[in-house]
There are 2 protein chains.
Amino acid sequence: MQNYTAPTKDAQFVLHEVLEISKSDIPGYADLDRDFTDAIFDAAGKVSSEILAPLNAVGDTEGCHLENGVVRTPKGFKQAFEAVKEGGWNGLDLPEEYGGQGLPYLVGTVVGEFFVSGNMAFNMYQGLTHGAIGAILTHGTDEQKTAYVPKMLSLEWTGTMNLTEAHCGTDLGLMRTKAEPQKDGSYKITGEKIFISSGEHDLAENIIHLVLAKAPGGGEGTKGISLFLVPKFMLKADGSLGARNAVACGKLEEKMGIHGNSTCVMNFDGATGYLLGDLHKGMRAMFTMMNEARLGVGLQGYSVAEIAYQNALAYAKDRLQGRAVTGAENPDGPADPLIVHPDIRRNLMEQKSFVEGARAFTYWAAELIDRSHRLNDEDAEGLVSLMIPVLKGFQTDKGFEAAVNAQQVYGGHGYIEEQGMSQFARDARIAMIYEGANGVQALDLVGRKIGQDGGKYAMAFFGLVKDFIKENEGDAALKAQFLDPLKAASKDLQAASMFFVEKGMKNPNAALAGAYDFMHLFGHVCLGLMWARMAKAAQAALAAGAEDAAFYEAKLATGRFYMARQLPATALHLTRILSGDDPVMALGAEAF
Amino acid sequence: MQNYTAPTKDAQFVLHEVLEISKSDIPGYADLDRDFTDAIFDAAGKVSSEILAPLNAVGDTEGCHLENGVVRTPKGFKQAFEAVKEGGWNGLDLPEEYGGQGLPYLVGTVVGEFFVSGNMAFNMYQGLTHGAIGAILTHGTDEQKTAYVPKMLSLEWTGTMNLTEAHCGTDLGLMRTKAEPQKDGSYKITGEKIFISSGEHDLAENIIHLVLAKAPGGGEGTKGISLFLVPKFMLKADGSLGARNAVACGKLEEKMGIHGNSTCVMNFDGATGYLLGDLHKGMRAMFTMMNEARLGVGLQGYSVAEIAYQNALAYAKDRLQGRAVTGAENPDGPADPLIVHPDIRRNLMEQKSFVEGARAFTYWAAELIDRSHRLNDEDAEGLVSLMIPVLKGFQTDKGFEAAVNAQQVYGGHGYIEEQGMSQFARDARIAMIYEGANGVQALDLVGRKIGQDGGKYAMAFFGLVKDFIKENEGDAALKAQFLDPLKAASKDLQAASMFFVEKGMKNPNAALAGAYDFMHLFGHVCLGLMWARMAKAAQAALAAGAEDAAFYEAKLATGRFYMARQLPATALHLTRILSGDDPVMALGAEAF
């Protein structure tokens, strides 16, 4: 019942008309002309709609099964994985020297969106491998890169990240998994990790686990943590697979959603591991991967919302129920389609304006990551690091909300699993939790990011919004409908930041009590900015006599909805922030 | 893992200190002294925490099973149902002449909350029976009452409501189920109904289906609809069970939640039915039950949130993770409990302030229903009818949100089914959909209720808020912390109403585009009013030197949180409403 068509036109609009990528000075971007990206996105969209999306409900219904230490993925996953492998999709934005195509991260991000929309649980097998490759490329020795990256890039092997233990999630300083140094320079890793996505499965010949563990001598808390590479099968001298390592899946978790992905308890029983990066610098090694990992989760937020929206929209056009209050619009039928009703329209517009705004925000962030990597641009790195917790936290909260809204369009049918709408809500729910629960994102934003380097990047963000408004306020329509609301929202954000600066030093709780609201306030301003930029691009296209005027008119109407009805939430978030810590903290823990 | 303790003290506070029920002029209320209600609520709370709550996860995991036309409920449900039956809980607020105890509806509402918190899916078997009894008592003949009510009241038999068909949910005019009159005065009912809660199961000897169907001669649309009583087993002349009627469960639906309740496709294959109430007045017969049915669902919203909150709170006190930013609070432990973190505290306060506010609002509405029934008070009936769509829509939206928030406190563990937090979110989700999806509640509120009898009841509501403020504004603390915010919120509500009055006549879409926001705006004002009333009562208790000062101080702190951080949402809802229909309707259906 779940259908999906990749929104290639919307993606292209952001890339070529809003970000204007082929005019960019970022190395590699000049090659990204419209025909080239069209070809890639059409092919990726086809993989998603024809291969991945049809397996989405299968994965949900069937789930993964652990039998004698072997995890069986849902029927059809293996063939689909072969197709993704053969298409070379995993290496799209990875270095050519290891077999990749060396395209910008931005291109991989667009393809990632399409794949996640089609089948979020399935795409995690590939997505985590991609992340693990990044860690090896950044921290590994040349030997490690040569031994592991090509096989992982080709998806012959997959990767995992092992951080969490039963008693420690956010607070990794409590970690118990131990690494004992061996004479040959390797380590024996012993401990139990939980919530390991793709920890064990039948899609690849080998699985390369990246594992955080405590090696002797590093000190207390997170200081003693190092990052280790632990292969499921050891490599022989020629690189082929040798003996099984002492790591195994002890249990599969039964989850609310993403049933198609195997979430494993992993037991390391003196498993052989190799140090990845510097000893006792494991936390730092993890952190260097964090922007991309969190962008990937923020992307899941709106990508699942996109497929949920597409299905809700189709239902709203198809399902006949009631009559438009302004007179029958389908007089020959027994009733009008749901979409005539204003409240259904409101619901759809909330989904649509969020998804399109979030897509633009995410692509912009991916462009900044390319800029930071390919031009060593520290300002871009600082700006995107500031926005990443917002992108992750805001977009996953709103993405879940949108999926729940999409489910609501179906009425009672939305609650029945057969219809597929419940899965979108259940799948989207995890993105608010993993890769740092959204409360932790808010803490990262308020506790670390806004004050970083003396608030330099926050000031840069405000300056960027201000400049955009100033440059464009000669356009009366843009000003009234987009720039003025953006200016008001940005002022709310600045007022909140100022409140934190003034209160936060003396009373950190005053800032932290408002952290979650600040994350949402910031998210709205980011989407407001992106909508203003999209509106400008749409107006330009219309002024230039673009062929598909309806497409650009729809962008403007959707943007107006966001500015008029969603963006004003900034004022509420500010009010909540300014109420300070007393309402939140007045009730003592013992009095609950 | 799911634990529950009935909040009897909170319930008693609302009943005896806020609503001051034993001073009420409503017949039957004078008997409700504190000792009497204490005894009832303690016993009900015990049933819920000791019998129902332990089966909640069992029901979710095991679900119901259809085998050869027989539905098997989860293990333990039958014994628990016997316990509820033996306790006489179903007859608590039903007439003594049929075996009930004749207590006010309000008392049944409190007990209902405890039972729903403990096990929502289980309680539906009883809850729907209670509703069906109400319909028979209101519309049945004396013979029908005598034949069916005593057995249903005692839960030897249960009841159902059969409205929805696959192609028609909200739009009942499209109904196809037919009723053909027979010579003996009965009807043959033929058709398929879907989403029938408790439609078939193994808990009772007989099931009494109330079925909407079209009998000849009534005209088009909803006009031809009548209400029929269709027993699963026919009754012999002596009232004992006779032959099986031609009604059967064709399928069980796989749902997102409430797995413990059997949601059935019911096939009526020329089943014998008896007219209940007047021919072709079936819609009206259903509507007379609607206030109580919708209050029951609005109650589910906060009752599931209550148990979710209790478990989140316990976890937040127990789970050690990170350190308080203001200095370690558990210095001898490896980390501080989650509850020290301001964002966790914010999350818990949102849940707590909602649940306690919603409880007070629901009990007040139940009191108004008693007033309307027991004193034939049309003003009370009008006022509660106005508030019911708010109570249903707002409380189920916020109840789901609270359950999702509770799940979030658990971090990754919240996503694992074993922990039980996912079930609360999945169960709570249905309440936003059934008994009229929340968009339909908003439509009912804006399209019918606020203008009813010339806006008489809306004016009465505003007057009531105004009077409360006026009567109490001499108290400076109450004024600043509770009355002033309430006044501002109430002004927002009035401004929105005025906008609808001015625009709605010429352009109904302008009102309907804001209907959902209006429902939420109204909900906040209702909870704001209840918090102001609770604050007044708490202050009075403190002034009188109440023994348990901490309890009343906690009420005040929780109320202050609601007023400072939740109630200001009214301004955002007003902004959205005043933006009118253009943002919502500008994009034509074809342009989506």
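What counts and how
Residues numbered from 1 in each chain as written. Chains lettered and ligands numbered in written order. Predicted model: local features only at pLDDT ≥ 70, side-chain atom pairs only at ≥ 80, totals over all residues. Heavy atoms only, no water. Buried < 20%, exposed > 50% of the residue type's maximum accessible area, 1.4 Å probe, protein only. Helix = DSSP H or I, 4+ residues; strand = E, 2+ residues; numbered from the N terminus. Pairing = 2+ DSSP bridges. Least-squares fit on C-alpha atoms with pLDDT ≥ 70 in both. Contact = heavy atoms within 4.5 Å. Salt bridge = Lys/Arg side-chain N within 4 Å of Asp/Glu carboxyl O. Buried area = accessible area lost by both parts, 1.4 Å probe. Nonpolar A, V, L, I, M, F, W, Y, C, P; charged D, E, K, R; others polar. Domains from an automatic or database assignment. Polar contact = N/O pair within 3.5 Å; in protein donor to acceptor, adjacent residues only side chain to side chain. Expected span 1.5 Å × (residues − 1). Arc of directions from axis to C-beta. Axes fitted to C-alpha atoms, helices over the stretch in contact; angles between N-to-C directions. Parallel < 35°, antiparallel > 145°, perpendicular 65-115°, else oblique. Core = buried A, V, L, I, M, F, W, Y, C linked by side-chain atoms within 4.5 Å. Left-handed = near helix turned anticlockwise from the far one by under 90°.

Caption draft 1: Broad picture of the pairing of strand 3 (residues 157-162) of chain A. All names here are of chain A. Taking burial as the measure, the six residues of strand 3 include six buried ones, the bulk of the element. The pairing of strand 3 with strand 6 (residues 206-214) spans six bridges and is parallel. Bridge pairing in strand 6 links T158 to I207.

Caption draft 2: Examining the relation of the copies chain A and chain B more closely. After a rotation of 180 degrees and a shift along the axis of 0.0 Å, chain A superposes on chain B with an RMSD of 0.0 Å. Taken together, the rotation and translation describe the operation of a two-fold axis. Minimal C-alpha separation from the rotation axis in chain A is found for L572 of chain A, amounting to 3.2 Å. The overlap is high: 100% of the interface residues of chain A also sit at the interface in chain B, so the same surface is used on both sides.

Caption draft 3: Focus on the pattern of salt bridges. Evaluation of the coordinates by the stated rule reveals 67 salt bridges over all chains. Residues K555 of chain A and D10 of chain A are paired through a salt bridge, measuring 2.5 Å at the closest nitrogen-oxygen approach. With K555 of chain A in helix 18 (residues 549-566) and D10 of chain A in helix 1 (residues 8-18), the pair connects residues that are 545 residues apart, well separated along the chain. With respect to class, K555 of chain A is no different from D10 of chain A; both count as buried. A salt bridge links R294 of chain B to D444 of chain B, with the shortest nitrogen-to-oxygen separation between them at 3.9 Å. Linking R294 of chain B in helix 9 (residues 290-318) with D444 of chain B in helix 13 (residues 438-449), this pair joins segments that are 150 residues apart in sequence. The residues R294 of chain B and D444 of chain B share a single accessibility class, namely buried.

Caption draft 4: Focus on the interface of chain A and chain B. Each partner contributes residues to the interface: chain A has 90 residues there, and chain B has 90 residues. In terms of surface lost to chain B, no three residues of chain A exceed Y415, R565 and F592 of chain A, which account for 13% of the buried area on that side. In this structure, the connection of chain A to chain B is made through six salt bridges. Residue R565 of chain A pairs with D517 of chain B through a salt bridge whose shortest N-O separation is 2.7 Å. Among the residues forming the side of chain A that touches chain B, the class breakdown is 46 nonpolar, 22 polar and 22 charged.

Caption draft 5: Representation of the domain arrangement of chain A within the structure. All names here are of chain A. Considered domain by domain, chain A is made up of domain 1 (8-142), domain 2 (158-281), domain 3 (289-436) and domain 4 (446-585). Just the C-alpha atoms count here: the centres of domain 1 and domain 4 sit 30 Å apart. Contact with domain 1, which involves seven residues of that partner, is made by nine residues of domain 4. Together, the buried faces of domain 1 and domain 4 total about 750 Å²; carbon and sulfur atoms form 65% of this surface. The tally of links between domain 1 and domain 4 comes to two salt bridges. Where domain 1 touches domain 4, the interface holds three residue pairs in polar contact (both at pLDDT 80 or more). Residues of the side of domain 1 that touches domain 4, tallied by class, amount to four nonpolar, no polar and three charged.

Caption draft 6: Highlighting the environment of Y562 of chain B. For Y562 of chain B, the location among the structural elements is in helix 18 (residues 549-566). In contact with Y562 of chain B, not counting residues within four places along its chain, are S353, F394, H524, L527, G528, W531, L567 and P568 of chain B.

Caption draft 7: Geometry of helix 2 (residues 34-52) of chain A. Residue and element names in this part refer to chain A. Between the first and last C-alpha of helix 2 there are 25 Å, a value that for 19 residues agrees with the 27 Å anticipated at 1.5 Å per step. Along helix 2, the residues that are buried comprise T37, I40, F41, A44, G45, V47, S48 and L52. Projection of helix 2 onto a plane perpendicular to its axis shows the buried side chains occupying an angular sector of 155 degrees, all on one side. Turned more than 90 degrees away from the buried face of helix 2, the exposed residues are D35, K46 and E50.

Caption draft 8: Fine view of unusual backbone geometry. You will see that N376 of chain A, though not glycine, has its phi angle at about 50 degrees, which is positive. With respect to the element layout, N376 of chain A can be found in the loop between helix 10 (342-374) and helix 11 (378-409).

Caption draft 9: Expanded view of the packing of helix 9 (residues 290-318) of chain A against helix 12 (residues 421-431) of chain A. Residues and elements named next belong to chain A. At a minimum axis separation of 9 Å, helix 9 and helix 12 run at an interaxial angle of 170 degrees. Classed by the angle they form, the pair helix 9 and helix 12 counts as roughly antiparallel. Touching V297, Q300, V304, I307, A308, N311 and A312 of helix 9 are M421, F424, A428 and A431, all from helix 12. When its residues are assigned to classes, the contact of helix 9 with helix 12 shows nine nonpolar, two polar and no charged.

Caption draft 10: Region of interest: the nonpolar core. The biggest cluster of nonpolar side chains holds 344 residues, and the ones touching the most others in it are F461 of chain A together with F461 of chain B. Other than its neighbours up to four places away in sequence, F461 of chain B contacts W364, L383, L386, M387, L493, F522, V525 and C526 of chain B.

Caption draft 11: Summary view of the pairing of strand 11 (residues 263-275) of chain B. Residue and element names in this part refer to chain B. In terms of strand pairing, strand 5 (residues 187-197) meets strand 11 through nine bridges, oriented antiparallel. Bridge assignment links G191 to a residue of strand 11, and that residue is F268. Examined bridge by bridge, strand 7 (residues 225-231) and strand 11 share two bridges and lie antiparallel to one another. For L229, the partnering residue across the bridge sits in strand 11 and is Y274. Where strand 10 (residues 247-252) and strand 11 come together, five bridges link them in antiparallel fashion. The residue bridging L252 from the neighbouring strand is C264, located in strand 11.

Caption draft 12: Main features of the packing of helix 1 of chain A against helix 2 of chain A. Residue and element names in this part refer to chain A. In the contact formed by helix 1 and helix 2, the axes pass within 11 Å of each other and the chain directions differ by 150 degrees. As judged from the angle between their axes, helix 1 and helix 2 are roughly antiparallel. As helix 1 runs across helix 2, the sense of the crossing is right-handed. Between helix 1 and helix 2, the residues in contact are T8, Q12, L15, H16 and E17 and R34, T37, D38, F41 and D42, respectively. Residues that form the contact of helix 1 with helix 2 fall into these classes: two nonpolar, four polar and four charged.

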